[in-house]
Amino acid sequence: MTAKILDGKAFAARVREQVAAGVARLKADHGVTPGLAVVLVGEDPASEVYVRNKGKQTLACGMASFEHKLAAETSEAELLALIDRLNADPAVHGILVQLPLPDHLNEDLVINAIAPEKDVDGFHISNVGLLATGQKAMVPCTPLGCLMMLREEHGSLSGLNAVVVGRSNIVGKPMAQLLLRDSCTVTIAHSRTREIEALCRQADILVAAVGRPEMVTGDWIKPGATVIDVGINRIETPEGGTRLVGDVDFASAAQVAGAITPVPGGVGPMTIACLLANTLTACCRSNDIPEPEGLTA
Ligand code: NDP
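Note that the structure is a prediction, hence the values are computed from the model and not measured.

**Things to note about the overall build of the protein**
Consideration 1: A tally of helices and strands in the protein yields 10 helices and 11 strands.
Consideration 2: The C-alpha atoms of the protein give 19 Å as radius of gyration, which agrees with the globular expectation for 297 residues (19 Å, within 12%).
Consideration 3: Referenced to the eigenvectors of the C-alpha coordinate spread, the extents of the protein come out at roughly 50 × 45 × 35 Å.
Consideration 4: Scored against the burial criterion, the 297 residues of the protein give a buried share of 47%.
Consideration 5: Of all intrachain contacts in the protein linking residues separated by at least 6 positions in sequence, the fraction that spans at least 24 positions is 67%.
Consideration 6: Surface exposure of the protein reaches about 13,600 Å², of which carbon and sulfur atoms provide 51%.

**Looking at the packing of helix 1 (residues 8-30) against helix 10 (residues 267-286)**
Consideration 1: Following both chains from N to C, one finds helix 1 and helix 10 inclined at 20°, their axes separated by 9 Å at the closest point. One finds that helix 1 runs roughly parallel with respect to helix 10. Seen from above, helix 1 lies across helix 10 with left-handed handedness. Contacts between helix 1 and helix 10 involve G8, K9, F11, A12, V15, R16, V19, G22, V23 and L26 from the former and P269, M270, A273, L276, A277, L280, C283 and C284 from the latter.
Consideration 2: Of the residues belonging to the contact of helix 1 with helix 10, the class tally is 14 nonpolar, 2 polar and 2 charged.

**Some points on the site of the ligand**
Consideration 1: The full set close to the ligand counts 22 residues, and R167, S168, S191, R212 and T271 are the nearest of them.
Consideration 2: R167 is positioned with one of its side-chain polar atoms (N or O) 2.7 Å from an oxygen atom of the ligand.
Consideration 3: Interatomic distance of 2.5 Å between a side-chain N/O atom of S191 and an oxygen atom of the ligand.
Consideration 4: With the chains in place, 70% of the 930 Å² that the ligand exposes on its own is no longer accessible.
Consideration 5: No other element matches the 3 residues that helix 10 contributes to the shell around the ligand.
Consideration 6: Its residues assigned to classes, the shell around the ligand shows 10 nonpolar, 10 polar and 2 charged.

**Regarding the pattern of salt bridges**
Consideration 1: Under the defined criterion, the tally for this structure stands at 7 salt bridges.
Consideration 2: Between D204 and K222 there is a salt bridge, and its shortest N-O distance comes to 2.7 Å. Linking D204 in the loop between helix 8 (196-200) and strand 7 (205-208) with K222 in the loop between strand 7 and strand 8 (226-229), this pair joins segments that are 18 residues apart in sequence.
Consideration 3: The buried category is assigned to D204, whose relative accessible area is 18%.
Consideration 4: When its relative accessible area of 29% is taken as the criterion, K222 is described as partly exposed.
Consideration 5: Note that R285 and E291 form a salt bridge whose closest N and O atoms lie 2.6 Å from each other.
Consideration 6: Note on E291: relative accessible area 22%, which makes it partly exposed.

**So, the layout of surface pockets**
Consideration 1: Estimated volume of the largest pocket: approximately 1,400 Å³.
Consideration 2: Secondary structure elements with two or more residues in the lining of the largest pocket: helix 2 (45-60), strand 4 (94-97), helix 6 (141-154), strand 9 (233-236) and helix 10.
Consideration 3: The element best represented in the lining of the largest pocket is helix 2, accounting for 7 residues.
Consideration 4: Of the residues belonging to the lining of the largest pocket, the class tally is 25 nonpolar, 13 polar and 8 charged.
Consideration 5: Put simply, the second largest pocket is a space of about 470 Å³.
Consideration 6: Forming the boundary of the second largest pocket are 18 residues, of which D108, F123, V128, N169 and I170 lie nearest the centre.
Consideration 7: Counting residues per element, the ones that place at least two in the lining of the second largest pocket are helix 4 (107-111), helix 5 (125-132) and helix 7 (172-181).
Consideration 8: In terms of residues, the lining of the second largest pocket owes the most to one element, helix 5, which gives 5 residues.
Consideration 9: Split into classes, the residues belonging to the lining of the second largest pocket amount to 10 nonpolar, 5 polar and 3 charged.

**Digging into the domain arrangement of the protein**
Consideration 1: Each assigned domain of the protein is listed here: domain 1 (30-121) and domain 2 (141-269).
Consideration 2: Placing a centre on the C-alpha atoms of domain 1 and another on those of domain 2 gives a separation of 29 Å.

**A look at the pairing of strand 3 (residues 64-70)**
Consideration 1: The pairing of strand 2 (residues 35-41) with strand 3 spans 7 bridges and is classified as parallel. Of the residues in strand 3, the one forming a bridge with V38 is E67.
Consideration 2: With helix 2 bridging strand 2 and the parallel strand 3, this β-α-β connection has right-handed handedness.

**A short note on the sheet that holds strand 3**
Within a sheet, adjacent strands bond to each other through the backbone by hydrogen bonds, running parallel or antiparallel.
Consideration 1: Strand order in the open sheet formed by 3 strands is 3-2-4, and the pairing between neighbours is parallel. Strand pairing shows two members of the sheet lacking a second neighbour, strand 3 and strand 4, which therefore form its edges. Recorded for the sheet is a direction-independent mean angle of 15° between the axes of neighbouring strands.
Consideration 2: Docked against the sheet, helix 2 engages strand 2, strand 3 and strand 4, running at close to 160° with respect to strand 3.

What counts and how
Residues numbered from 1 in each chain as written. Predicted model: local features only at pLDDT ≥ 70, side-chain atom pairs only at ≥ 80, totals over all residues. Heavy atoms only, no water. Helix = DSSP H or I, 4+ residues; strand = E, 2+ residues; numbered from the N terminus. Rg over C-alpha atoms; globule rule 2.2 N^0.38 Å. Buried < 20%, exposed > 50% of the residue type's maximum accessible area, 1.4 Å probe, protein only. Contact = heavy atoms within 4.5 Å. Areas by Shrake-Rupley, 256 points an atom, 1.4 Å probe, with all protein chains shown as cover. Axes fitted to C-alpha atoms, helices over the stretch in contact; angles between N-to-C directions. Parallel < 35°, antiparallel > 145°, perpendicular 65-115°, else oblique. Left-handed = near helix turned anticlockwise from the far one by under 90°. Nonpolar A, V, L, I, M, F, W, Y, C, P; charged D, E, K, R; others polar. Near = heavy atom within 4 Å. Polar contact = N/O pair within 3.5 Å; in protein donor to acceptor, adjacent residues only side chain to side chain. Salt bridge = Lys/Arg side-chain N within 4 Å of Asp/Glu carboxyl O. 1 Å grid on protein atoms, 1.4 Å probe; cavity = no way out; pocket = protein on both sides within 12 Å on 5 of 7 lines; lining within 4 Å. Points joined across faces, edges and corners; volume = space filled by probe spheres on them. Domains from an automatic or database assignment. Pairing = 2+ DSSP bridges. Right-handed = clockwise from strand over helix to strand, strands pointing away.

Spelled out as structure tokens, the structure:
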């Protein structure tokens, strides 16, 4: 079997078009422009690239973008004061604090200072609780993107066996919650899981969010399963360069799976598209305007 490739780049472009159309309608019908504020503390080069990309894509779909770059030695009090101002600013509908933060700043404290309705990353403790109890939440962007791709591929996910490898707060746990909400039978695997290969072979849907290059090989996969590879790992090539690979060994997995996301070009592009979708959703909710269909969980 050679798996169907789930093209996240093309899917993300469609999501961005939908967001742009939603933004245009909000402006024309309600005179409201959704705004996203991104806060970057310090000078991590990878984070700077992410923040620049987020700003560009925010503007490209017609939203307002507010970038706040703070020095690495910014105090917690200064950062919390900025978040307070953004919470109170009616032009800002979404707030994202780029992680990781420098060591002297308490990430949980900072994230939980964001107004939950503006928490477009979905990491605030209120949103975690709302998602876990099946209520209307802001949903973390990466798992939301994975869910969109799975729904597009399968239609209904009801009754399917799903295994999520990884139990982080930003990917594994919310992914499992979303699959459970769509009535999958969900198992979460992690570094202490026994006989993980056999467990994964039971999965109709296998999500790998581990951070270990090419750990999941073709013999872990049930024939015909859908494989979502969240991992982004940079490895060295024999030629002395580097390349990006996922947590799944694409070459062997694609021989067995029914459908699979590539790395790069799978889950990655969906993450920023879902951030834009969440900002539009947050703007609609705060203005009591119906949300566009298909952009939330
Ligand atoms: P974390 O490091 O926070 O979590 C990794 C999880 O994998 C942990 O739960 C850990 O288990 C588990 N794990 C580690 N080793 C093994 C093993 N040998 N067998 C089974 N489970 C194992 O990572 P994240 O969730 O933040 O990210 C996961 C991957 O996804 C990374 O490659 C990251 O770069 C990528 N990523 C991609 C995004 C995108 O936009 N595409 C966005 C976010 C992340 P335990 O809890 O027991 O330690």
